[in-house]
Amino acid sequence: MRKDAARNRELVLAAAAKEFDQRGMDAEIRDIAKAAGVGVGTVYRHFPTKDDLVGAVLAKDLGEWPGIVERALDAESAWAGLTGFLEQTLASMARHKAVLDGLTSAEASASADACRAHLADALEPIIRRAHAEGSLRAEVTGEDLGLQILALGRIVQLEPSGWRRQLGFVLDGLRAR
């Protein structure tokens, strides 16, 4: 890729992240192009569909998950690892609130499906460890926690300063007694 094309791609990604954070999935490609200082054609040359652009914006956050998973698995207790994973994942969502529109909308996109699958894969070893430790209720699955994360993600959107309190309530319900 030429230097100017690579620079334009990065400008588009930065502008898209900001637009998605402000306007959610309602962000318009023309507004993203304007904020990036490029033409609409430049955006479409790099990202043929809006879903491709959303996927590229999500890629950075998806790239953080392996480190979050590693820290969860290395935590002193499985419960601390699980709670740390949930908190860090939600904090990442809080930085990119509008991207949750894509994850929680009824119209599942390829990027949302990939994100959900990635989340489920990331949760499995953490859940196995918490089950083995006896700190997580035995009936809780990766799908259950994935849904809780998406539900809490919506709370992040509605109450940006109150999601940690809500996470505490959810954790109380998940913990084995």
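What you see is a predicted model; the values in this text were computed from it and never measured.

Trainee: Would you mind going over the overall build of the protein chain in detail, with residue names and values included?
Mentor: The helix and strand inventory of the protein chain stands at 9 helices and 0 strands. Along its sequence from the N terminus, the protein chain presents helices and strands in the succession α-α-α-α-α-α-α-α-α. Going through the 177 residues of the protein chain one by one, you find that 42% of them count as buried. Accessible surface, the protein chain: about 9,400 Å² in total, of which carbon and sulfur atoms supply 52%.

Trainee: Describe the environment of glutamate 124, listing the residues and the values that go with them.
Mentor: Mapped onto the elements of the fold, glutamate 124 is located in helix 7 (residues 110–133). Using a relative accessible area of 33% as the deciding quantity, one classes glutamate 124 as partly exposed. Put simply, glutamate 124 and threonine 141 are 17 residues apart on the chain and 8.1 Å apart in space, counted from C-alpha to C-alpha.

Trainee: Go over helix 9 (residues 163–174), please, and point to the residues and values.
Mentor: Counted at 1.5 Å a residue, the expected span for helix 9 with its 12 residues is 16 Å, and the 16 Å between its end C-alpha atoms agrees. On its buried face, helix 9 sits against helix 5 (78–95) and helix 8 (142–158).

Trainee: Give a description of the pattern of salt bridges that names residues and reports values.
Mentor: Counted according to the given criterion, the structure contains 6 salt bridges. With a closest N to O distance of 2.7 Å, aspartate 4 and arginine 2 form a salt bridge. For arginine 2, a relative accessible area of 60% puts it in the exposed group. In this structure, arginine 137 engages glutamate 139 in a salt bridge whose closest nitrogen and oxygen atoms are separated by 2.5 Å. Residue arginine 137 is classed as partly exposed on the basis of its relative accessible area, which comes to 35%. Glutamate 139 gets classed as partly exposed once you look at its relative accessible area, which sits at 48%. Salt bridges sharing common partners tie together Glu19, Arg23 and Asp31.

Trainee: I'd like a rundown of the nonpolar core, residues and numbers included.
Mentor: Counting 29 residues, the largest nonpolar core has Phe85, Leu90, Leu136, Ile149 and Leu174 as its most contacted members. At the level of secondary structure, the elements contributing two or more residues to this core comprise helix 4 (50–74), helix 5, helix 7, helix 8 and helix 9. Here the element with the most residues in this core is helix 5; it accounts for 8 residues. Listed in part, the 19 residues of the second largest apolar core include Val12, Ala27, Ile29 and Leu53.

Trainee: Can you tell me about helix 1 (residues 3–23), naming the residues and giving the values?
Mentor: Look at helix 1: 30 Å from first C-alpha to last across 21 residues, which is about the 30 Å you get at 1.5 Å a residue. Those residues of helix 1 lying buried are Ala5, Asn8, Val12, Leu13, Ala15, Ala16, Ala17, Glu19 and Phe20. Glycine 24 sits one or two residues past helix 1 and shows a positive phi near 65 degrees.

Calculation rules
Residues numbered from 1 in each chain as written. Predicted model: local features only at pLDDT ≥ 70, side-chain atom pairs only at ≥ 80, totals over all residues. Heavy atoms only, no water. Helix = DSSP H or I, 4+ residues; strand = E, 2+ residues; numbered from the N terminus. Buried < 20%, exposed > 50% of the residue type's maximum accessible area, 1.4 Å probe, protein only. Areas by Shrake-Rupley, 256 points an atom, 1.4 Å probe, with all protein chains shown as cover. Expected span 1.5 Å × (residues − 1). Contact = heavy atoms within 4.5 Å. Salt bridge = Lys/Arg side-chain N within 4 Å of Asp/Glu carboxyl O. Core = buried A, V, L, I, M, F, W, Y, C linked by side-chain atoms within 4.5 Å.

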